[in-house]
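Observations on chain architecture
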Amino acid sequence: MGKRPAELAATLLRLAAKTGVRRPDGLHLGLPLPQVDLAAMTGTSPESVSRVFGRWRAAGWIATGDEGPVLRDPAALRSLAEGDTAGAADAAGGRSDRA
């Protein structure tokens, strides 16, 4: 997926800035967002979005459900979106940014 994880993170953060609602469990986008739509927004495949989301869920960065993505660790996503691979790895508990 190359640079796509950073683009996906940036897209989620942009959407959260427009529609997000802060709740105790994270920043809810407040709209259902099919992975096929996120794939189209970032120029990748739905399968790639699914793989990245799986890694981000495992790292605790996001949760997904019927109401759309929940950003549980926006700082980690921001670090990834801004190209701060060290910050992104730290936020994931030492994982690399290969998300």
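Everything numeric in this text was worked out from a predicted model, so none of it was measured. (Residues numbered from 1 in each chain as written. Predicted model: local features only at pLDDT ≥ 70, side-chain atom pairs only at ≥ 80, totals over all residues. Heavy atoms only, no water.)

1. Let's talk about the overall build of the protein chain
Tallying secondary structure elements over the protein chain gives five helices and four strands in all. Seen in sequence order, the protein chain has helices and strands lined up from the N terminus as α-β-β-α-α-β-β-α-α. Sorting the 99 residues of the protein chain into buried and exposed places 40% on the buried side. In the protein chain, 54% of the contacts between residues at least 6 apart in sequence involve partners at least 24 apart. As displayed, the protein chain has an accessible area near 5,200 Å², and 49% of this comes from carbon and sulfur atoms. (Helix = DSSP H or I, 4+ residues; strand = E, 2+ residues; numbered from the N terminus. Buried < 20%, exposed > 50% of the residue type's maximum accessible area, 1.4 Å probe, protein only. Contact = heavy atoms within 4.5 Å. Areas by Shrake-Rupley, 256 points an atom, 1.4 Å probe, with all protein chains shown as cover.)

2. Let's talk about the packing of helix 1 (residues 4-19) against helix 4 (residues 74-81)
Where helix 1 meets helix 4, the closest approach of the two axes is 8 Å, and the angle between their N-to-C directions is 130°. Classified by the angle between their axes, helix 1 and helix 4 sit oblique to one another. Crossing handedness for the pair helix 1 and helix 4: left-handed. Taken together, the residues of helix 4 that come into contact with helix 1 (itself represented by Pro5, Ala6, Ala9, Ala10 and Leu13) are Pro74, Leu77, Arg78, Leu80 and Ala81. (Axes fitted to C-alpha atoms, helices over the stretch in contact; angles between N-to-C directions. Parallel < 35°, antiparallel > 145°, perpendicular 65-115°, else oblique. Left-handed = near helix turned anticlockwise from the far one by under 90°.)

3. Quick word on the packing of aromatic side chains
Aromatic rings in a pair are described by how distant their centres are and how their planes are angled relative to each other. This structure, assessed with the given rule, holds two aromatic pairs. Ring geometry for tryptophan 56 versus tryptophan 61: centroids 5.9 Å apart, planes at 35°, classification tilted. This pair shows no difference in class: tryptophan 56 is buried, exactly as tryptophan 61 is. Three or more aromatic residues joined by ring pairs form one cluster here, namely Phe53, Trp56 and Trp61. (Phe/Tyr/Trp six-rings, centres within 6.5 Å; stacked < 30°, edge-to-face > 60°.)

4. Considerations on the confidence of the model for the protein chain
Confidence in the prediction of the protein chain, expressed as mean pLDDT, is 86, and 83% of residues score 70 or more. Low pLDDT, under 50, characterises residues 90-99; the stretch is placed with 18 contacts to residues that sit more than four places away or in other chains. (pLDDT = per-residue confidence, 0-100.)

5. Some points on the nonpolar core
Core analysis: the biggest nonpolar cluster contains 21 residues, and Leu12, Phe53, Trp56, Leu71 and Leu77 have the highest contact counts within it. Of all the secondary-structure elements, those providing two or more residues to this core are helix 1, helix 2 (35-42), helix 3 (46-59) and helix 4. Per-element tally for this core: the top contributor is helix 1, with six residues. Filtering out sequence-adjacent residues up to four positions away, leucine 71 remains in contact with Leu12, Leu13, Ala16, Gly26, Leu27, Trp61, Ile62 and Leu77. (Core = buried A, V, L, I, M, F, W, Y, C linked by side-chain atoms within 4.5 Å.)

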